[in-house]
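Commentary on secondary and tertiary structure
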Amino acid sequence: QVQLVESGGGLVQPGGSLRLSCAASGSSFRINAMGWYRQAPGKLRELVAKITSGGSTNYADSVKGRFTISRDNAKNTVYLQMNSLKPEDTAVYYCNAAVVYGSSWFEHAYWGQGTQVTVSS
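An account of the accompanying structure is given in this report. In this text the structure is predicted, and so the values were computed from the model without any measurement. (Residues numbered from 1 in each chain as written. Predicted model: local features only at pLDDT ≥ 70, side-chain atom pairs only at ≥ 80, totals over all residues. Heavy atoms only, no water.)

1. Comments concerning the state of the cysteines
Here is the rule we go by: In this description, a disulfide is simply a cysteine sulfur pair whose atoms lie within 2.5 Å. Numbered from the N terminus, helices here are DSSP runs of H or I no shorter than four residues, and strands are runs of E no shorter than two.
As enumerated under the stated definition, the model contains one disulfide in all. Each disulfide pairs two cysteine sulfurs, and for C22 the partner residue is C95, the sulfurs being separated by 2.1 Å. Judged by the torsion about the S-S bond (-85 degrees), the C22/C95 disulfide is left-handed. Of this pair, C22 sits in strand β3 (residues 18-26) while C95 sits in strand β9 (residues 91-101), and the two are 73 residues apart along the sequence.

Structure, rendered in structure tokens:
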């Protein structure tokens, strides 16, 4: 079992910045990839950014150039630096991890509880 703990959400003005953190804890696991998703009221959950164990990244077009995903493998932690925030970025942001155990090839998906990001003047 893997637990994901998120932090860093809050209320900011348009044009402001926030930094989200997500730390994975547990035992006997390896992380293939971690990422951030978001869900606004009445909307489906969508991918914001992801990063693989090798460092490859992928971003939604709507956040490209404004958000940066990074990792600290020693701490099993992923970060999302969000700059130039817009009201349409308002959503609950969820951390995701793709995990394998031992020598198994089967990949398990885990989700954090979510952290609220509100962009408003």
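2. Section: the pattern of salt bridges
Spelled out, the test is: The working definition used for a salt bridge is a side-chain nitrogen of Lys or Arg within 4 Å of a carboxyl oxygen of Asp or Glu. Only protein chains enter the calculation, and the probe is 1.4 Å; a residue is then buried if its accessible area is under 20% of its type maximum, exposed if over 50%, and partly exposed in between.
Going through the model one piece at a time under the given rule, you end up with four salt bridges. Residues D61 and K64 are paired through a salt bridge, measuring 3.0 Å at the closest nitrogen-oxygen approach. A single burial state applies to D61 and to K64, both of which are exposed. Linked by salt bridges that have partners in common, R38, E46, R66 and D89 make up one network.

3. Side note on the nonpolar core
Defined as follows: In this text, buried Ala, Val, Leu, Ile, Met, Phe, Trp, Tyr and Cys residues form a nonpolar core when linked through side-chain atoms within 4.5 Å. Note on definitions: a residue-residue contact is assigned when non-hydrogen atoms from the two residues lie within 4.5 Å.
Within the largest apolar cluster, 31 residues are counted, with the highest numbers of intra-cluster contacts made by L4, M34, W36, L80, M82 and Y93. Listing elements by their share of this core, those giving two or more residues are β1 (2-7), β3, β4 (29-39), β5 (46-52), β7 (67-72), β8 (77-82), β9 and β11 (115-119). In terms of residue count, β9 provides more of this core than any other element does, five residues in total. If we ignore the near neighbours within four places in the chain, the residues touching Y93 are E6, L20, W36, Y37, R38, V48, F67, L80, M82, G114, T115 and V117.

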